[in-house]
2 protein chains.
Amino acid sequence: MTGVSGDLTRLSLNQETIKQWSLPELAEGCVKAGVPGVGLWRAPVQEYGVEAAARLIRDAGLAVTSLCRGGFFTAIDPTERAAALADNRAAIDEAATLGTDTLILVSGGLPPGSRDLTAARERIADALAELAPYAADHGVRLAIEPLHPMYASDRCVVSTLAQALDLAERFPADQVGVVVDTYHLWWDDTVAAQIARAGAGGRLASFQLADWITPLPEGVLLGRGQLGDGSVDFRWFREHVDATGFDGPIEVEIFNPALWARDGAEVLAEVADRYRTLVL
Amino acid sequence: MTGVSGDLTRLSLNQETIKQWSLPELAEGCVKAGVPGVGLWRAPVQEYGVEAAARLIRDAGLAVTSLCRGGFFTAIDPTERAAALADNRAAIDEAATLGTDTLILVSGGLPPGSRDLTAARERIADALAELAPYAADHGVRLAIEPLHPMYASDRCVVSTLAQALDLAERFPADQVGVVVDTYHLWWDDTVAAQIARAGAGGRLASFQLADWITPLPEGVLLGRGQLGDGSVDFRWFREHVDATGFDGPIEVEIFNPALWARDGAEVLAEVADRYRTLVL
């Protein structure tokens, strides 16, 4: 296996892809499959215990490539805003404990009754200004993830890589970066130019993969496809990202109940196979 | 009612908004409500008879503001492409018979197995080159509608107003224009600049309204909201469109089973009310 797994050196498995696995199963499964990195989510990590999770992953020899997620910065109500900032500081602490330098941000949608996208985006900038220095002090970079425009009202008013960079570039590059996730960005004909812009500015904090498949399910949250099952040209993306000099982890993050119903090791073997065939 | 309905002079009802109505009910309902325009769809018009539909709408004193739809230009297979072109010529003939100068185009998604968005967009340009002169000879302008990016794989690889204009601008402005539909474009922070670009180039062929509401239903086709029920700032859009000098019809096109289950006249009264309050 070592020879074959050699080309998996950049692969990271986001734990939501195989959410049927407990954290110990995740660690064991990744070690067995030769996958050297994992992307973690706050809720299962908190449930297991942050310190214990950090030890488990470290003892397995795995890298934590990102923590999902901070964000939800768009509330107008001062109490809600204060709570969001406090929760993001806790997320930064957790990222630091886990030993990852990347906290992924889902920035938040429109508050109830609001139709002002511009103002919501400005409130994100305000929150970043408060949090970025705190994150930097903890060795953590905030990574703004542009989400597909279909999430603009309820999850994230940052819909394109250009918008994410417009926000990130107001702050030092080592404090605020961006996420390139194929699921969210594949349709955009300006994405190659924006990936180059991100790379030139040292803003490329995370590279995530999922495929685009249809029909979309109700609520459009859990309809991501296994690599190769949909419309995304992964090699195209990887080549554009690599062309910027990026040599960081490539994280597979798929939310799909069909994958969650299967044997985890089988799903991970399939991910690794598709990664070798379609991404490298 | 005349005084109140006076401000409805630019309002057009797309027939899919109240699809429970037959064409005669549509004509009668619009006349009663003081709505002077209708947007029509090919299937119900064909079922009724194109000539008969044209006479019905004309005799009611209504304007046909657009016909939906031509397009689906992205097939690779030559037989499929020829069939699509023939069908679009038929759509142009029908538009001319109905007396509308605007044929709305839904350009088509990725062919099965293809992941090449750029090539698909080029095939759209090829089809426009064949069809635009034919349309012009019939007094019809082709109107490229950018669809929300969530339709990029299966319905329309033209996802932004900028992309639509990039395509349209390869042809004379009186032959190929673009559609501004709030449902598809509301999330885009470049849309104000692109509306100005469309106006400056004389490309603004159609202005359509629907609101963005969540959660999206399975398949994401029938989840459009009544004006005011969602996230769209309609006055913002109308003011930007009008600022270009556009004074054409403002067409309400909502696909929503909840509206189809109600009394048509009640729905139209609500549309007119929301239009007065939120758009004007």
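Residues numbered from 1 in each chain as written. Chains lettered and ligands numbered in written order. Predicted model: local features only at pLDDT ≥ 70, side-chain atom pairs only at ≥ 80, totals over all residues. Heavy atoms only, no water.

1. Regarding the overall build of chain A
Consideration 1: For chain A, the helix and strand inventory stands at twelve helices and ten strands.
Consideration 2: Over its C-alpha trace chain A gives a radius of gyration of 18 Å, about what one expects of a compact globule, namely 19 Å for 280 residues.
Consideration 3: Dimensions of chain A, computed from the C-alpha atoms along their principal axes, are close to 50 × 40 × 40 Å.
Consideration 4: Residues classed as buried in chain A amount to 57% of the 280 residues present.
Consideration 5: In chain A, 81% of the contacts between residues at least 6 apart in sequence involve partners at least 24 apart.
Consideration 6: As displayed, chain A has an accessible area near 10,200 Å², and 53% of this comes from carbon and sulfur atoms. (Helix = DSSP H or I, 4+ residues; strand = E, 2+ residues; numbered from the N terminus. Rg over C-alpha atoms; globule rule 2.2 N^0.38 Å. Buried < 20%, exposed > 50% of the residue type's maximum accessible area, 1.4 Å probe, protein only. Contact = heavy atoms within 4.5 Å. Areas by Shrake-Rupley, 256 points an atom, 1.4 Å probe, with all protein chains shown as cover.)

2. As for the relation of the copies chain B and chain A
Consideration 1: Between chain B and chain A, the superposition needs a rotation of 180° and an axial shift of 0.0 Å, giving an RMSD of 0.0 Å. Viewed as a symmetry operation, the transformation between the two copies matches a two-fold axis. The C-alpha atom lying nearest the rotation axis in chain B is that of Glu218 of chain B; the distance is 2.0 Å.
Consideration 2: By residue overlap, the copies meet face to face through one surface: 100% of the interface positions of chain B are interface positions in chain A. (Least-squares fit on C-alpha atoms with pLDDT ≥ 70 in both.)

3. What about the nonpolar core?
Side chains of nonpolar character tend, in soluble globular proteins, to be buried together.
Consideration 1: Of all hydrophobic cores here, the largest spans 177 residues; its most connected members are Leu40 and Met150 of chain A together with Leu40 and Met150 of chain B.
Consideration 2: Residues contacting Met150 of chain B, with those up to four places away along its chain left out, are His148, Met150, Trp212 and Leu216 of chain A together with Tyr183, Trp212, Leu216 and Val220 of chain B. (Core = buried A, V, L, I, M, F, W, Y, C linked by side-chain atoms within 4.5 Å.)

4. Quick look at the pattern of salt bridges
Residue and element names in this part refer to chain B.
Consideration 1: Applying the stated rule across the entire model yields 32 salt bridges over all chains.
Consideration 2: In this structure, Arg197 engages Glu169 in a salt bridge whose closest nitrogen and oxygen atoms are separated by 2.8 Å. You can see Arg197 sitting in helix H9 (residues 191-200) and its partner Glu169 sitting in the loop between helix H7 (161-168) and strand S6 (176-181), a full 28 residues away along the chain.
Consideration 3: Classification of Arg197 as partly exposed rests on a relative accessible area of 24%.
Consideration 4: Residue Glu169 is classed as partly exposed on the basis of its relative accessible area, which comes to 38%.
Consideration 5: Between Arg262 and Glu266 there is a salt bridge whose closest N-O contact spans 2.9 Å.
Consideration 6: A residue is classified by how much of its surface remains accessible, and Arg262, at 27% relative accessible area, is partly exposed. (Salt bridge = Lys/Arg side-chain N within 4 Å of Asp/Glu carboxyl O.)

5. Some remarks on the interface of chain B and chain A
Interface size is commonly expressed as the accessible surface area that is lost when the partners come together.
Consideration 1: Listed by partner, the interface residues are 29 residues for chain B and 29 residues for chain A.
Consideration 2: Interface of chain B and chain A: buried area, both sides summed, is about 2,400 Å²; carbon and sulfur atoms make up 58% of it.
Consideration 3: Our enumeration of links across chain B and chain A arrives at zero salt bridges.
Consideration 4: The interface formed by chain B and chain A contains 14 residue pairs in polar contact (both at pLDDT 80 or more).
Consideration 5: Grouping the constituent residues of the side of chain B that touches chain A by class yields 13 nonpolar, ten polar and six charged. (Buried area = accessible area lost by both parts, 1.4 Å probe. Polar contact = N/O pair within 3.5 Å; in protein donor to acceptor, adjacent residues only side chain to side chain. Nonpolar A, V, L, I, M, F, W, Y, C, P; charged D, E, K, R; others polar.)

6. Digging into the side chain of Thr100 of chain B
Residue and element names in this part refer to chain B.
Consideration 1: Mapped onto the elements of the fold, Thr100 is located in the loop between helix H5 (78-98) and strand S4 (102-106).
Consideration 2: Reaching out from Thr100, the side chain makes a polar contact with the backbone oxygen of Thr65 at a distance of 3.5 Å.
Consideration 3: Of note is the side chain of Thr100, whose polar atom sits 3.5 Å from the backbone nitrogen of Ser66.
Consideration 4: If near-sequence neighbours (up to four positions away) are discounted, Thr100 is found in contact with Val64, Thr65, Ser66, Leu67, Ala95, Gly139 and Val140.

7. Describing the UniProt feature "domain: Xylose isomerase-like TIM barrel" (unreviewed entry) in chain A
Consideration 1: Under the local residue numbering, the UniProt record ascribes the feature "domain: Xylose isomerase-like TIM barrel" (unreviewed entry) to residues 30-270 of chain A.
Consideration 2: Secondary structure over residues 30-270 of chain A splits into 44% helix and 17% strand, and the C-alpha atoms at its two ends are 13 Å apart. (UniProt positions renumbered as here; feature names shortened; annotations may be inferred.)

8. Description of the sheet that holds strand S5 (residues 141-144) of chain B
Residue and element names in this part refer to chain B.
Consideration 1: As summarised here, the arrangement of the eight strands in space is S1-S2-S3-S4-S5-S6-S7-S10, forming a closed barrel in which the pairing is parallel. The sheet shows a mean angle of 30° between the axes of neighbouring strands, direction not considered.
Consideration 2: In terms of strand pairing, strand S3 (residues 63-71) meets S4 through four bridges, oriented parallel. The residue bridging Cys68 from the neighbouring strand is Ile104, located in S4. (Pairing = 2+ DSSP bridges. Axes fitted to C-alpha atoms, helices over the stretch in contact; angles between N-to-C directions.)

9. A closer look at the environment of Trp236 of chain A
Residues and elements named next belong to chain A.
Consideration 1: Relative to the assigned elements, Trp236 resides in helix H10 (residues 234-243).
Consideration 2: Given a relative accessible area of 32%, Trp236 falls into the partly exposed group.
Consideration 3: When the C-alpha atoms of Trp236 and Pro133 are compared, they prove to be 35 Å apart, with 103 residues separating the residues in sequence.

10. A closer look at the sheet that holds strand S4 (residues 102-106) of chain A
Backbone-to-backbone hydrogen bonds pair the strands of a sheet. The strands run either parallel or antiparallel.
All names here are of chain A.
Consideration 1: One closed barrel holds the eight strands; their spatial order is S1-S2-S3-S4-S5-S6-S7-S10, and the pairing between them is parallel. Averaged over all pairs of adjacent strands, the angle between strand axes in this sheet comes to 30°, irrespective of strand direction.
Consideration 2: As paired strands, strand S6 (residues 176-181) and strand S7 (residues 204-209) are joined by four bridges and run parallel to one another. Looking at S7, one finds that Asp181 is bridged to Gln208.
Consideration 3: In this fold helix H2 (residues 23-33) packs onto strand S1 (11-14) and strand S2 (37-41), with an angle of close to 165° to the strand it touches most, S2.

11. What about the packing of H2 of chain A against helix H4 (residues 50-59) of chain A?
Residues and elements named next belong to chain A.
Consideration 1: In contact at an axis separation of 10 Å, H2 and H4 are set at 15° when each is read in the N-to-C sense. Considered as vectors, H2 and H4 are oriented roughly parallel to each other. Viewed along their axes, H2 and H4 form a crossing whose handedness is right-handed. Along its contact with H2, which presents Leu23, Pro24 and Ala27, the element H4 presents Ala53, Leu56 and Ile57.
Consideration 2: When the residues that make up the contact of H2 with H4 are grouped by side-chain class, the tally is six nonpolar, no polar and no charged. (Parallel < 35°, antiparallel > 145°, perpendicular 65-115°, else oblique. Left-handed = near helix turned anticlockwise from the far one by under 90°.)

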